[in-house]
2 protein chains.
Amino acid sequence: MANDRAPTRIQRKNRAAILDAALNVFSAHGFRGATVDQIAAEAGLSKPNLLYYFPSKEAIHTALLSGLLDTWLDPLRALEDNGDPLEEILGYVRRKLQMSQELPRESRLFANELVQGAPRIHEALSQDLKALVDEKAALMERWMDQGRIARVHPYHLIFSIWSLTQHYADFDVQVRAVLGEEDPFAGAPDFLETLYRRLLTPRP
Amino acid sequence: MANDRAPTRIQRKNRAAILDAALNVFSAHGFRGATVDQIAAEAGLSKPNLLYYFPSKEAIHTALLSGLLDTWLDPLRALEDNGDPLEEILGYVRRKLQMSQELPRESRLFANELVQGAPRIHEALSQDLKALVDEKAALMERWMDQGRIARVHPYHLIFSIWSLTQHYADFDVQVRAVLGEEDPFAGAPDFLETLYRRLLTPRP
DNA sequence: TCATGATTTGACCATCTGGTCAAACTCACG
DNA sequence: CGTGAGTTTGACCAGATGGTCAAATCATGA
């Protein structure tokens, strides 16, 4: 059995292959829409073989989500009180947008989970995520008190960054259907920079 | 059989009940995650009875989507060249936000479909939706040419309105988990009005 | 009222799905 | 090379799922 000793070479390879395949399938069909057979096929394993590495479909999903949640929140964690507040926030926007471009599957994995009520990560949202957002919102509020950025509702400001950047990954089909040939990520960075500059530049 | 003659009273009632139940189930679980039994139960019908009114699960889904697409795009259609451009756009934002508040199931239905690659409405997106957006983007571009609103990429402007408003319906769980007690729709209208005023107010 | 079409249902079916298991195979290392 | 742990698989299972059908029930207007 795959116990909790140091993983063998084969274990590492197969676990990684399974998680990658699961990311493809879960992000494309949601939890209930994904099938173990499909994940196994995509990972190049038989179904029983896959279930030798993870005890259940649920376990794969959980492993994926919890393994990715940290990565997902890293850009926000990196928002700190160094230098110019506006540049800090613009940096966060840029990093988030870049993640949408480079990790669209991860974005859609979370989008699927959230839009369906987040039954499996609700706790992480109201614990870890809330704590992190509370902290960063407080930081932004301090910047506003000091007049270094314009005053807006800090939580809604954070929501806006999430929604504006993840939109390009989560609703990629729609964006591309509307834009036609034009690459979404050509115009997005400029648009978002303009938006947040105008929103947050301190006004007299 | 339910043919194409004028629908009876019972037909109207049951079809409506089915579509309402289907909206609940599809918006909560996505297409593959929804089951016919679940929809039938929620509509207060037996499964064979439900399948007497719609030939298949797919047919229910299609009927729902195409019936709702028009409603969904109405606010954008209402954006026209009357009065002040900025107020026109703010009105659009307000209507969209109101829809997120009042019709969250509809929003999540589309969100589910889009995030999973929109296999069933891809055509409507690249035909009707694209045409409508092209038209309204052109209108906005005219306003920008006339200096009546500040210049930004008109397509990304429209995407931003979609993402910022629908976020509150689609990712409701996350928003509420982070906000705690505070009602999301308390702060959202002000935040969005401020955002679009600052973004679009013509600058010297 | 009663005949006829509309509506409803229990029983059923084929397929899919998550998961199990014992047997077979492979690999690393003494 | 042999051996025991690690790995893989074909066959299988129970329950869920989309869908069918003939028979029963209901509603309505002539």
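The name given to chain A in an unreviewed UniProt entry is TetR family transcriptional regulator, with Ruegeria sediminis as the source organism.

Caption draft 1: Local environment of the interface of chain B and chain A. Taken together, the contact between chain B and chain A spans 56 residues of the former and 56 residues of the latter. If you look at where chain B meets chain A, you find 0 salt bridges. Counting every contact that joins chain B to chain A gives 18 residue pairs in polar contact (both at pLDDT 80 or more). Only helix 1 (9–33), helix 6 (104–115), helix 7 (122–145), helix 8 (154–170), helix 9 (172–179) and helix 10 (184–200) of chain B provide two or more residues apiece to the side of chain B that touches chain A.

Caption draft 2: How the structure looks around the nonpolar core. If you look at the biggest cluster of nonpolar residues, it comprises 146 residues, and the most contacted ones within it are Ile89(A), Leu157(A), Tyr196(A), Ile89(B), Leu157(B) and Tyr196(B). Those residues in contact with Tyr196(B) that lie beyond four places of it in its chain are Leu86(B), Leu90(B), Val93(B), Leu157(B), Ser160(B), Ile161(B), Leu164(B) and Thr201(B).

Caption draft 3: Spatial organisation of the UniProt feature "domain: HTH tetR-type" (unreviewed entry) in chain A. When the UniProt feature table is mapped onto this chain numbering, "domain: HTH tetR-type" (unreviewed entry) sits at residues 12–72 of chain A. This span, residues 12–72 of chain A, is 87% helix and 0% strand, and a straight line between its end C-alpha atoms measures 22 Å.

Caption draft 4: Quick look at the protein's contact with DNA strand D. Around DNA strand D, the structure places 19 residues, and the nearest of them are Thr8(A), Gln11(A), Tyr53(A), Val36(B) and Lys47(B). In DNA strand D, atoms within 4 Å of the protein come from the sugar-phosphate backbone in 58% of cases. At a separation of 2.6 Å, a phosphate oxygen of DNA strand D approaches a polar side-chain atom of Thr8(A). Listed by contribution, the elements that provide at least two residues to the surface near DNA strand D are helix 1 (9–33) and helix 3 (47–53) of chain A together with helix 3 (47–53) of chain B. Looking at the surface near DNA strand D element by element, the count peaks at 4 residues for helix 3 of chain A. Taken together, the residues of the surface near DNA strand D break down into 8 nonpolar, 8 polar and 3 charged.

Caption draft 5: Expanded view of the packing of aromatic side chains. Tallied over the full model, the rule gives 12 aromatic pairs over all chains. Ring centres of Tyr168(B) and Phe185(B) lie 6.0 Å apart, and the angle between their planes is 50°; this geometry places the pair in the tilted category. Remark: Phe185(B) occurs in helix 10 and Tyr168(B) occurs in helix 8; sequence separation between them is 17 residues. Across the pair, exposure class does not vary: Tyr168(B) and Phe185(B) are buried alike. Taken together, Phe159(A), Trp162(A), Tyr168(B) and Phe185(B) form an aromatic cluster joined through their ring pairs. Here the guanidinium or amino end of Arg15(B) rests over the ring plane of Phe54(B), the centre of that ring lying 4.8 Å away. Lying across the ring of Phe31(B), Lys57(B) places its NZ or CZ 4.7 Å from the centre.

Caption draft 6: Molecular detail of helix 2 (residues 36–43) of chain B. Residues and elements named next belong to chain B. Of the residues making up helix 2, those classed as buried are Val36, Ile39, Ala40 and Ala43. Along helix 2, the residues classed as buried sweep out an arc of 100° about the axis, all on the same side. Those residues of helix 2 hidden inside the fold are in contact with helix 1, helix 3 and helix 4 (57–77). Where helix 2 ends, the next residue or the one after it, Gly44, has phi of about 75°, a positive value.

Caption draft 7: Layout of the protein's contact with DNA strand C. Around DNA strand C, the surrounding shell holds 19 residues, and the nearest of these are Arg9(A), Lys47(A), Thr8(B), Gln11(B) and Tyr53(B). Among the atoms of DNA strand C lying within 4 Å of the protein, the sugar-phosphate backbone contributes 57%. Between DNA strand C and Ala34(A), the relevant distance is 3.1 Å, taken from a phosphate oxygen to a main-chain nitrogen or oxygen of the residue. Contact distances for DNA strand C include 2.7 Å between a base nitrogen and a side-chain N or O atom of Lys47(A). Only helix 3 of chain A together with helix 1 and helix 3 of chain B provide two or more residues apiece to the surface near DNA strand C. Of the residues forming the surface near DNA strand C, the biggest block, 4 residues, is contributed by helix 3 of chain B. Of the residues in the surface near DNA strand C, the class split is 8 nonpolar, 8 polar and 3 charged.

Rules behind the numbers
Residues numbered from 1 in each chain as written. Chains lettered and ligands numbered in written order. Predicted model: local features only at pLDDT ≥ 70, side-chain atom pairs only at ≥ 80, totals over all residues. Heavy atoms only, no water. Contact = heavy atoms within 4.5 Å. Salt bridge = Lys/Arg side-chain N within 4 Å of Asp/Glu carboxyl O. Polar contact = N/O pair within 3.5 Å; in protein donor to acceptor, adjacent residues only side chain to side chain. Helix = DSSP H or I, 4+ residues; strand = E, 2+ residues; numbered from the N terminus. Core = buried A, V, L, I, M, F, W, Y, C linked by side-chain atoms within 4.5 Å. Buried < 20%, exposed > 50% of the residue type's maximum accessible area, 1.4 Å probe, protein only. UniProt positions renumbered as here; feature names shortened; annotations may be inferred. Near = heavy atom within 4 Å. Nonpolar A, V, L, I, M, F, W, Y, C, P; charged D, E, K, R; others polar. Phe/Tyr/Trp six-rings, centres within 6.5 Å; stacked < 30°, edge-to-face > 60°. Lys NZ or Arg CZ within 6 Å of the ring centre and 35° of its normal. Arc of directions from axis to C-beta.

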